[in-house]
Structure formats: structure tokens, C-alpha cells
Amino acid sequence: MDAAREIEVLIRAKYPILYVVSWEERRVEDAVKLVCDKLKRTLHTWSVTQGMKPPVTRTSGPVKPTALPGELEALALAHESPEYTVFLLRDFHPYMKDPRVIRLLRDLAGRLRGKAQTLILLAPVLALPTELEKDVTVLDFPLPKASEISDQLDHVVAAVKGNSAVDTDLTPEMREIIVKSAQGLTLDEIESAFARSLVEHKKLDVDVILEEKKQIVRKSGLLEYYPATDRLDDVGGLELLKDWLAKRRKGFTDKAKEFGIPVPKGVLLLGVQGCGKSLVAKAIAAAWNLPMLKMDVGRIFGSLVGQSEENIRRAIKVAESVSPCILWADELEKGFAGVGGSGVSDSGTTARVFSTFLTWMQEKTKPVFLIATANDVTALPPELLRKGRFDEIFFIDLPDTEERKEIFSIHLRKRKRDPKKFKLNELAARSEGFSGAEIEQVVIGSLLAAFDQDREVKQTDLHHEIEASVPLSVMMAEEIDELRTWARLRARPAAKRDE
Ligand SMILES: Nc1ncnc2c1ncn2[C@@H]1O[C@H](COP(=O)(O)OP(=O)(O)OP(=O)(O)O)[C@@H](O)[C@H]1O
Ligand SMILES: [Mg+2]
């Protein structure tokens, strides 16, 4: 049922007080107005700056100029007004801390129950004192649906019709992309984004709409908008993981949905340090052409009681409002370490935040693809690994010979060197046990050495660098072995290995 219909039903059923949560006053008011017209009720709106509009004719009591503060006066007016009225109070939530306001609302709830009179509180946030929980019906007024956005799009296009400088032709695919990308914005934001795009670019441009979304993310302060810079071609090896991702590239489209494909949930990338976990995460955003939000797990944990729980809920909400998008939780184990362990010293906050997160992962319906990465599997709570949370858990091992060749080639090319001029087989053979990050360091190190001597890099520079470095896999051989054993049973390999 859509929100406007729900409001209608509740008004008809004579619910005394509704609390509508939305940023969009205009849209909600329009919807309420339609309902009032249909049900033949008089609508009065109130805000602290505008007062009551239209003014109320009192049925009882003397008509006296009151000295009550505005918010109490508004409730008093509702109290005294006749039936067949609806009162819409904008931004009333700050006053609901006042015990007198709370009491008046409770009195009012009692009086209005069963009467054809409704009080609607409209605010962007839900702040309901416990005393009122049983008297107030809360409903979310969701952001515009695809169909509404599509109508808005027609509206904007119609407005510039006849202007030959503006290109409003859209293929059905483009239209879907634009409508999708505008989901999560308010109708006003959508209108501005479309208009801005037509003025600035003379056509409807997805980037302008995404820019509008970046604002939402920035204002939230909990997530960071991550520009998609790396491409999957910049990732060496990991063929199985890349195949898996490629197959799900179109997983967020309407076509995929019609085909019966469930929206991809997410992946967990586990593995040895410096082997490309973060790199792959960043590359997926570019490959799938979706905005990527990075969640800093550390920032979620606030210093005030209850703040961390609120933060994770807000972060999830922001991500959902920007969806379809990718949510990247890098080094997940650092944030959620110690959940359920004996070292819990924060009276269960971490565990509660974690469980909110888990529940969301399990039940989320919005297209938010979660990419989580982790090094230390022992720190990961076992609940996280249960089926249904992630679509797949991948283990990223050290690159094999063939993969090392590819990684050398990628990093040489990145630094404007032609890989064909180097004996890649030889480099790969000599760098057994090196991670991708270490190979990158070898390339950089040899460039530095050559530059210092005012000459071009040679094959032997790379050999020297390889010999001079001790890879982590040597220093941490035991840990890596343990990780492999662990992963063999629980995760899917990201690359083929012939063992
Ligand atoms: N498979 C790879 N192909 C190309 N480059 C790679 C690869 N793996 C690592 N690199 C290089 O090493 C850098 C560091 O890798 P990345 O940050 O992805 O490692 P990680 O697995 O996230 O490590 P950590 O566990 O330390 O976070 C990358 O930016 C990239 O330049
Ligand atoms: Mg990383």
C-alpha cells in the first residue's frame, strides 16, 4: 500500500494522531490535501512561523486572545475545533520534549479517538517520547518511486520541448538508468538535478544526478563517497573472482529481475595482505558503473551511549537511499573484532552494532551490494560467515607464476613502460611468494634506482629489487598457511590453482 493510501485509511478509521516521517513537506501536504478533499475534511496546517492556516473557528469557550506559546495554542485549537477536520503540524517534534505538550497530546488523543478529526505530525526525524507511543501511529512517507520519478522526468522534458538546443531523446535503457539513479532523492532534489543537467549539459546526464547523491552522503558524515578509479583490467589474476563478478554485472537491472535473478547481496574477500582485496573492491564500482560508498567502521563507533547503534542505522539508511550502490566495508574485522569474545568491555555496544548490521545483511531488500574485506579470519565472528549473509566468500591467495607475470605487466604499463621490453617469465619466476603490493614496490624501487642514475630501467634493476626484498609471505609463512587451511573449507578460491 502506498503512503497516501495508508493515510487515507487511517483518517477514515479515525486514528487520532499520526506521525509522518519525511523530508518532503510539499509532497506529504499535497497527498494529505488530496485525501482531505476526497473525504470532505477541512485541512488546517500549522508551523511555528506561519501559525494556523486557515484559522480555526472555535466551537466552545470564549474567543479570547491567548497568551499561550504557539505550539500549545496549536494543540488547543485542535482541541476546540469541530469534527471533519485534519490538522497538519509541521516540525512539531522539538516541542514534544515539553511535559505540557506531551500531556496535551495525550488528552487530545483521548478526545479525538473515534471522532472524525485527525492530528498529523510531520517531521523529517522520528522523535517520539515513550508516553506517546501508544497514542501515535507512525508512518514513513517513502521517497518517490520509479513511476513518480518517471512522471517527473516527463514533466521536465515537456517543459523544455521545442528548445532545439536541448537534447531530451532517451533510449529506454538510458531512461531506466536515469530513473534508477534518481531513486533515493526527494522530488525537489530530483527536479533540481534534472533541470541543472538540462541547463549545464543540454541533456539528461546521470553524473549530475549522482552529484546530487554525493551531497547526501557527505552530509551524513559516516560514509565516504569513493570515486571509481581502478578498473578490473588493473587487477592481475583472480580469474575466478573476476568471472563471478562479470556474471553479476547486470544483476541490478529490471531485466535481471524479470528474468528471476535475485539482486546480488555482497561478497566477502578474505586473504593475504597486499594481494588486491581493496583493489578489487574499488574496481567493481567502476566495472558495474555504480556509486561506491566506503564505510569507515571506526567512525561508526561514537562516544556517546546509544550513538553507535544510531550511527550504523543511519549509515545503512544513507546507503539505501543512494542505492543501487556498492557499500565497501574495508577491514571489517577491525571494527567488529571481539564481538562475543571475553574481551568485550563496551557493555555490548559492538555486539549490538554488529547484530544490526547482520540483520540488515540478511534482510535487505534495497540493491546495496556489500563488499567486505578482511585479513584476520580469527577476529571474524562466525555468524558473519553463515549462509545467506554474503552471496559468496572468496579467498585471495598469493599470486601464482602466471598471475605475477600479469601483475608485473600491469604495473610496468601503469608507469609508462612497455612490458614487452622485459622478460616477464624471468621476473615471475624470481618473485615466488611476492604479493601484488610487493611486486608494485619492486617496479617502483627499480624506477627510483634508474632515475637516480639518470638512465632507463633495465631488467637487472628489477632483479636487484626482487633479491633485496623479503616478502611478507616468508616472514609470516605460518600465519598464511593457517589462513589457507581455514579458507579451504569455508571460502571459494579467487583464482585457479593447479595443485
Ligand atoms: N592482483 C593485483 N593486480 C595488480 N595490482 C595489485 C594486485 N594485488 C595488489 N596489487 C597492488 O598492490 C596495492 C595494494 O593492494 P590492496 O590494497 O588491494 O591489498 P589488500 O589485499 O587490500 O591488502 P591489505 O590486506 O593490506 O588491505 C594495490 O593498490 C595494487 O597496486
Ligand atoms: Mg586493503
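What you are looking at is a predicted structure, and each value in this text was computed from that prediction instead of being measured.

## A short note on the overall build of the protein
Each helix and strand counted, the protein has 21 helices and 13 strands in total. In terms of overall dimensions, the protein is more spread out than a globule: its C-alpha atoms have a radius of gyration of 29 Å, far above the 23 Å expected for 499 residues. Each principal axis of the C-alpha atoms in the protein carries an extent, and together these give about 100 × 70 × 45 Å.

## Details of the site of ligand 1
The environment of ligand 1 is made up of 18 residues, and the closest members are G276, K277, S278, L279 and G436. For the shell around ligand 1, the elements supplying multiple residues, two or more each, are α11 (277–288), α16 (401–414) and α18 (436–452). Per-class residue counts for the shell around ligand 1 are seven nonpolar, nine polar and two charged. Three or more residues apiece are contributed to the shell around ligand 1 by two domains, here domain 3 (226–396) and domain 4 (401–468).

## Overview of the domain arrangement of the protein
As far as domains go, the protein holds domain 1 (3–140), domain 2 (146–220), domain 3 (226–396) and domain 4 (401–468). Computed over C-alpha atoms only, the centres of domain 1 and domain 3 are separated by 41 Å.

## Describing the sheet that holds strand β12 (residues 392–396)
Reading across from one edge, β7-β9-β10-β11-β8-β12-β13 is the order of the seven strands in this open sheet, with mixed pairing throughout. The open sheet has two free edges, formed respectively by β7 (223–226) and β13 (492–493), since each of these has just one partner strand. One ladder, built from five bridges, connects strand β8 (residues 266–271) with β12; its direction is parallel. Looking at the pairing, L268 lines up with I393 of β12. Contacting β7 and β9 (292–295), helix α8 (residues 206–220) crosses the sheet at an angle of about 145° to β7.

## A few points about the packing of α18 against helix α19 (residues 459–468)
For the pair α18 and α19, interaxial distance at closest approach is 8 Å and the crossing angle is 120°. In terms of their interaxial angle, α18 and α19 are classed as oblique. By crossing handedness, the relation of α18 to α19 is classed as right-handed. Residues V442, G445, S446, A449 and A450 of α18 form the contact with α19, whose own contacting residues are D461, L462, E465 and I466. A class-by-class count of the residues in the contact of α18 with α19 yields five nonpolar, two polar and two charged.

## Details of the packing of α16 against α18
It is at 9 Å that the axes of α16 and α18 come closest, and there the two elements cross at 45°. By the angle between their axes, α16 is oblique relative to α18. Viewed along their axes, α16 and α18 form a crossing whose handedness is right-handed. Across the interface between the two elements, R404, I407, F408, H411 and L412 from α16 touch G436, I439, E440 and V443 from α18. Of the residues in the contact of α16 with α18, the class split is five nonpolar, two polar and two charged.

## Observations regarding the sheet that holds strand β4 (residues 85–90)
Strand order in the open sheet formed by six strands is β3-β2-β4-β5-β1-β6, with mixed pairing between adjacent strands. The open sheet has two free edges, formed respectively by β3 (51–53) and β6 (136–140), since each of these has just one partner strand. Taken pair by pair, the neighbouring strands of this sheet meet at an average axis angle of 20°, ignoring direction. As paired elements, strand β2 (residues 42–47) and β4 share five bridges and run parallel to each other. Among the inter-strand pairings, W46 is bridged to a residue of β4, identified as L89. Sitting on the sheet, helix α2 (residues 25–39) touches β1 (17–21), β2, β4 and β5 (117–123), and the angle it makes with β4 is about 175°.

## Side note on unusual backbone geometry
For the bond running from K53 to P54, omega is -15°, close enough to zero to count as cis. Mapping P54 onto the fold places it in the loop between β3 and α3 (70–80). In this structure, P324 follows S323 across a cis peptide bond, with omega equal to 5°. Residue position: P324 is located in the loop between α13 (307–322) and β10 (325–329). You will see that L238, though not glycine, has its phi angle at about 55°, which is positive. Residue position: L238 is located in the loop between β7 and α9 (239–247). We classify L238 as buried; it has 29 C-beta atoms within 10 Å.

## Describing α11
Its twelve residues give α11 an end-to-end C-alpha distance of 17 Å, which sits within 8% of 16 Å, the value for a rise of 1.5 Å per residue. Phi turns positive, to about 60°, at N289, one or two residues after α11.

Basis of the calculations
- Residues numbered from 1 in each chain as written.
- Chains lettered and ligands numbered in written order.
- Predicted model: local features only at pLDDT ≥ 70, side-chain atom pairs only at ≥ 80, totals over all residues.
- Helix = DSSP H or I, 4+ residues; strand = E, 2+ residues; numbered from the N terminus.
- Rg over C-alpha atoms; globule rule 2.2 N^0.38 Å.
- Near = placed C-beta within 6 Å.
- Nonpolar A, V, L, I, M, F, W, Y, C, P; charged D, E, K, R; others polar.
- Domains from an automatic or database assignment.
- Pairing = 2+ DSSP bridges.
- Contact = placed C-beta atoms within 7 Å.
- Axes fitted to C-alpha atoms, helices over the stretch in contact; angles between N-to-C directions.
- Parallel < 35°, antiparallel > 145°, perpendicular 65-115°, else oblique.
- Left-handed = near helix turned anticlockwise from the far one by under 90°.
- Buried ≥ 20, exposed ≤ 12 C-beta atoms within 10 Å, placed from the backbone.
- Expected span 1.5 Å × (residues − 1).

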